[in-house]
Amino acid sequence: MNTSPFKLTTLTLATLVALNAMAAEDDNAEDKQAKKEDAYHERMTIIGQRKQLNTEAGSATVIDEAELEKYEYDDIHRILATVPGVNIRQEDGFGLRPNIGFRGVTPERSKKINILEDGVLIGPAPYSAPAAYYFPMVSRLSGVEVFKGPAAILYGPNTVAGTLNLQTRGVPQDNEGMIDIAGSSDGYQKAHAYVAQTSGNFGVLLEGLTTQSDGFKELDGGGDSGFEKNDVIAKLRYNLDSDKYQQVFELKLGYADEVSNETYLGLTDADFAATPYRRYAASQLGLMDWEHSQVQFNHFIAGKDFDLTTRIYRNNFDRAWRKLNNFRDSGSTPSLQEILQDPITNDLYYQVLTGQQDNQGLFDQLLIGTNDRSFYSQGIQSDLRWEFKEWGITHNFRSGIRFHQDEIERVHTEDSYNMVSGRLSSAGNPTNLTTANTEESKAISWYAQDTLNFDKLEVTLGLRGEYIDSRYQNNKAGQETDWLEKQTTIWLPGASVFYSLDSHSGLFAGVHRGFIPTSPKQGPDIKIEESVNFELGYRYQHSTTRLEVVGFISDFENLKESCTLSTSSDCVTNSDQEFNAGKAKVDGVEISASHRFDIGAGIDLPISFVYTYNNAEFEESFESTFELWGNVTAGNPIPYLPENQMSISLGLESTQWRFNLLSRYIGEMWEAAGSDVALSGVSTEAFWVLDVSAAYDFDDYGTLYLKVDNLTDEVEIVSRRPFGARPSKPQQFFVGYKYRW
Amino acid sequence: MKLSSLKPLTLAVTSTLFVAACSDSVDSTAGAGFNGGNNNGGNQTQFDENALLTHLTNNVITPKFNEFETVANSLEQAVSTYCQSEQGFNNGSITEQQRDTDRTSAQNAWLTSMNQWQQIEVMQLGPLIANQSLLKNNIYSWPVVSTCAVDQDVAFFNAGNINGTPYDISNRVFTRRGLDALEYLLFNTNLAHSCTANTAPAGWDALTDAARREQRCQFAVAVAGDIANSAQQLLDAWGGANGYAQSLLNAANAPGSDFNNVHEAVNRISDGMFYIDSIAKDAKLGIPLGLFDNSCQQNVCPEDRESQFANHSLQNIRNNLVSLRTLFTGEVTNSQVTLGFDDFLVEEGASATATNMLNAINNAIANIDTYQATLGDTLQNDSAQVQATHDQVKAITDQMKADFINQLSLELPATSAGDND
């Protein structure tokens, strides 16, 4: 299905270079508009590039392009390690399918946070199927913003935790370009380039990125465990300014694809201890294949005291993941998780999984499923900012409305395979259609927020409304009457205050209502997730020093979770079924501090420290067949939320070279909440990871960079899901060269 | 209109919405087939579920477990006697006729045990399903069976060790033990091993037929003893002050109960009854018929049937259905009480469902009683008759999955939640 990455890269680079040659003719025609402050670019962000004290309540973190370039990460997990309040469950080591949560929401497939790209929901179907199987390639991002707290009501539908906004490169106001190539062990290659040209009011940007690797895992019997990913993006921008108004029209077109030999199958603990990067023979057919395309049109108009941004967007995503689902069910067949957790009792199946023994009959045939899903997400949204004075008070008023529609269509099939001499061989049975259904949602969202400025005190009141009209339909023959239509209306208030102690520091507090909708197929017995979220914090920002300390409480009236194959092989038969947990509470503290020391001779020493404490517990006892929970007693921990997380970074930087160290600590995480499930009482081990990077700028001849991920070659079990122990990425050396013009 | 004139309006509208925004709602409309048609509201019942639970526990399930322990001990004795005869025949002290008579007695004891066990198969709860159904599988694990694994353990047992470790059947995986292994050892007349060249039991091909019979019977004694031990383990885990039976009886006495309420305990018994759907209907009939993936590319496949050596397949299904009927009606000889799920349905105003289900069960049993040949032969020669049996059983499970579950506000077990019909 996918184009060869080599061809794509070559074509992309050739196009970019050609465009640049054309653009060079206009190099001297510098646009006067370029000197204007780019308010439009600011509106593509949530937080913006603030140099002064941010007086909004809520923990806000911006990772800008310079920061992203420090470590040249391809993995969003590694990037977010420096953000307080983020909890992550790693899976494949490359971050191909991220699991990200904020402030105590479980990280499974990042489905409880809002993921935006340039201010637009970028998940494949954020309302109907929020699991983020698509995630933008992070190497092409120019910024990452993480926002948590009361302002979450501005970015629905998920308001419990927060929002991750991924900024793509804007059309710059200067003619410029870049080529970046890098290589590493395990056949890793990266080629990344962009070129931008502005002529008069018209600007264009073309950007292409390709990465690939043979993978760091060793498949029993040989085979590839790597991936190939490609991404091309184009932006056309037109400025139409008058004396009164500044206007921007921008069209963004994107295409991305991935083919990866990925599997959900991990290892037993004993095998992990012996050969952590091994992959069992039964995973040899694992293959993820997806394509993503996007179109976005933005209009921006700004006047003296207002601006209005309107975005029209459409995202298409088609994916098919072929992977081992289970052994054939014979009444009491253990799940893959149970087999790997207790390979001695289940030796019969373990021997087949590892290819050490042929299967003996029907009962130990392997079922390989292909979950083929097509998604679209489209809509139009307008966001207004308006500053005015009324009743002697300065109001910063924000309001927005969004009409959104998304859909997932599932066609899941399953084939039976025999294990013969370590190779999977088709059993010759016809392909079984296991699931065929459609879930669709139409949503109208509205918000209004007013910040009233009383000198040192800012009071913000906000409200979000969501009306979701959804439908589920079973598409299997004879199942026409299996449908559900649902209408959800919810109102989500939020309030916060910021009190400026001086021009550099302040105290803030906030409260807001958290909400996560149920997917269209969930019956009335599955409740929405709702919570009341509190926070209290202190923020200091002056020159190159920044400090933020935030305490938070998320008090859940109902915590829910959905059963996806990424959670357990038990979810094959009830994929995406949701479960209620009732009351739960997450509280914690987030601390982030950074400072840049000038140590003389033109050398800076930047240092930063980030720490997160989480205490996440269920408050009700209940019995659940959901593999992540089991039989829960009030007080049991919520899985995959480490109590302690920390990152420390320091560097030496001059104008011509830099050297940076980033060390991260992730505390142990429970893999299940209660008893009577395969991973009851099992936790990951706490571990440290040290990444190092260095770069030297040869002035007009580009920049050479070196980096080492996991310098100490630490390897630990990062999780035992989807099924079995998964390793962190091993030590990996990279060398790259970047040239800008 | 100037933008500034909108300021009061904006504030007024926003304020009004803040005040008005006090009502959330989630409304839904479902098709008739949503959630398998199980859209009940979980209404409170006036039926005495505790009485149902008590009757089924004390007068249906517990006696059945006790009976199995008794026949398992008889089986061990019969197999031991047969094996002594096999050895006696080999050394000339016993006649062939006596040996054959003793083997037939052992086979009959196995059939008796299997008749009891097949009724218990529909009562899988508590200790039988704990630890991934380990105890149940140790007694009988079909369809997870491997004749090669049994052949290998015959050799290991007679060698007395596995790679130097003393042989202990209690440490062996369930494909090498239980009633299924014993069926192969007692009924299989082919003395060749069933393994590939790579997995063949060491030295087997060099043995005489007499030695092979003797080795198999000696291992059969160990297997029968292990079944008797497992039967005792079942009773130990079931009975007594801390047994699962007491948990069921105590279900209504919250707090202190292992269940949230008595209805949940009733649901556990109902879960066990769905064995009729996933195993009796699908595995025992549907797979050999080719309705699902099988060893013959979804063609009729007698080699995928249960009980290939004793040819007890039809009787096994019949016993499953008889057990289902007993649980459904609550009618047993040792009790005047006849509380069953049918009474529960009647109490809930679903007399028609109660009647229809009972008729369907009786019809399926009557259908099986019409067979003139084994299931294997009938599959080969008249698969339409087997299809008809399947349809009769499906008539039961269709009602179980819809009306039965719905009327009694029970939850469908995950094994029957798919729509593979």
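Residues numbered from 1 in each chain as written. Chains lettered and ligands numbered in written order. Predicted model: local features only at pLDDT ≥ 70, side-chain atom pairs only at ≥ 80, totals over all residues. Heavy atoms only, no water.

**Here's the deal with the overall build of chain A**
Counted only if it meets this: Strands here mean DSSP runs of E at least two residues long; helices mean DSSP runs of H or I at least four residues long; both are numbered from the N terminus. As defined in this context, the radius of gyration uses C-alpha atoms, and a globule is described by 2.2 Å times the residue total to the power 0.38. The buried label goes to any residue with under 20% of its type's maximum accessible area, the exposed label to any with over 50%, and the partly exposed label to all in between, with areas taken from a 1.4 Å probe on protein chains only. Every residue pair with non-hydrogen atoms within 4.5 Å of one another is taken to be in contact. Computed by Shrake-Rupley with a 1.4 Å probe, the accessible areas treat only the displayed protein chains as cover when residues are assessed.
Assigned secondary structure in chain A consists of 7 helices and 34 strands. For chain A, whose C-alpha radius of gyration is 25 Å, the value lies close to the compact-globule estimate of 27 Å for 741 residues. For chain A, the C-alpha atoms occupy an extent of roughly 80 × 55 × 50 Å along the three principal directions. The buried share among the 741 residues of chain A stands at 62%. Residue pairs at least 24 apart in sequence account for 69% of intrachain contacts in chain A once pairs closer than 6 positions are excluded. For chain A, the accessible surface area stands at approximately 25700 Å², while carbon and sulfur atoms represent 55% of it.

**Observations regarding the sheet that holds strand S1 (residues 60-64) of chain A**
Residue and element names in this part refer to chain A. Rules: Only strands joined by at least two bridges in the DSSP assignment are considered to pair.
Spatially, S1-S6-S7-S4-S5 is the arrangement adopted by the 5 strands of the open sheet, whose pairing is mixed. The sheet is open, and its two borders are formed by S1 and strand S5 (120-121), each paired with just one other strand. Bridge count between S1 and strand S6 (residues 141-148): 5 bridges; the pairing is antiparallel. Residue pairing across strands places Ile63 opposite Val144, the latter belonging to S6.

**Focus on the interface of chain A and chain B**
Defined as follows: A 1.4 Å probe defines the accessible area here, and the buried area is the portion of it lost by two parts on being joined, summed over both. Any carboxyl oxygen of Asp or Glu within 4 Å of a side-chain nitrogen of Lys or Arg constitutes a salt bridge here. Distance and chemistry together define a polar contact, namely a pair of N or O atoms within 3.5 Å, with one atom able to donate a hydrogen and the other to accept it when in protein, and with adjacent residues in sequence counting only for side-chain atoms on both sides.
Taken together, the 59 residues of chain A in the interface contact 48 residues of chain B. Regarding the contact of chain A and chain B, the summed buried area is about 4300 Å², with carbon and sulfur atoms giving 58% of it. Counting the contacts that link chain A with chain B gives 2 salt bridges. One salt bridge in this structure joins B:Asp24 and A:Arg513, with 2.5 Å as the shortest N-O distance. Inspection of the region where chain A meets chain B yields 16 residue pairs in polar contact (both at pLDDT 80 or more). Residue assignment for the side of chain A that touches chain B shows that the elements contributing at least two residues are helix H7 (347-353), strand S17 (366-390), strand S18 (393-420), strand S20 (432-454), strand S21 (457-474) and strand S22 (483-500) of chain A.

**Quick look at the pairing of strand S31 (residues 703-709) of chain A**
Residues and elements named next belong to chain A. Bridging between strand S30 (residues 687-697) and S31 involves 6 bridges; their strand directions are antiparallel. By the bridge assignment, Ala695 is partnered in S31 with Tyr705. Adjacent in sequence and paired antiparallel, S30 and S31 are bridged by 5 residues, among which Asp699 carries a positive phi angle near 55°. Note that S31 and strand S34 (residues 732-740) share 7 bridges and pair antiparallel. Each bridged residue has a counterpart across the sheet, and for Leu704 the counterpart in S34 is Tyr737.

**Details of the domain arrangement of chain B**
Residue and element names in this part refer to chain B. Applied cut-off: Those domain boundaries reflect an automatic or database domain assignment.
You can read the domains of chain B as domain 1 (51-238) and domain 2 (274-407). Computed over C-alpha atoms only, the centres of domain 1 and domain 2 are separated by 26 Å. Facing the 25 residues of domain 1 at the interface are 33 residues of domain 2. The junction of domain 1 with domain 2 conceals about 2300 Å² of combined surface from both sides, 67% of it contributed by carbon and sulfur atoms.

**So, the state of the cysteines**
All names here are of chain B. Rules: Disulfide: a pair of cysteine sulfur atoms within 2.5 Å of each other.
If you walk through the whole model with that rule in mind, you get 3 disulfides over all chains. A sulfur-sulfur separation of 2.0 Å characterises the disulfide bridge that pairs Cys83 with Cys217. Disulfide Cys83 to Cys217: torsion about the S-S bond roughly 65°, handedness right-handed. Note that Cys83 is positioned in helix H2 (residues 49-90) and Cys217 in helix H7 (residues 209-238), a separation of 134 residues in sequence. According to the relative accessible area criterion, Cys217 is buried, its value standing at 1%. Put simply, Cys296 and Cys301 are joined by a disulfide, and their sulfur atoms are 1.9 Å apart. Because the sign of the S-S torsion sets the handedness, a value of about 60° for the bond joining Cys296 and Cys301 places this disulfide among the right-handed ones. A relative accessible area of 13% places Cys296 in the buried class. Among the cysteines of chain B that take part in disulfides, numbered as they appear in the sequence, the pairing is 1-4, 2-3, 5-6.

**Observations regarding the nonpolar core**
Quick reminder of the rule: Only buried residues count toward a nonpolar core, which is a set of Ala, Val, Leu, Ile, Met, Phe, Trp, Tyr and Cys residues joined through side-chain atoms within 4.5 Å.
Grouped together as the largest cluster of nonpolar side chains are 102 residues, with contacts concentrated most on B:Phe68, B:Leu179, B:Leu182, B:Phe341 and B:Phe404. Ranked by residues supplied to this core, first place goes to H2(B) with 14 residues. Here this core gathers at least three residues from each of two domains, domain 1 (51-238) and domain 2 (274-407) of chain B. A:Tyr280, A:Ile638, A:Leu641 and B:Phe174 belong to the second largest nonpolar core, which has 91 residues in total.

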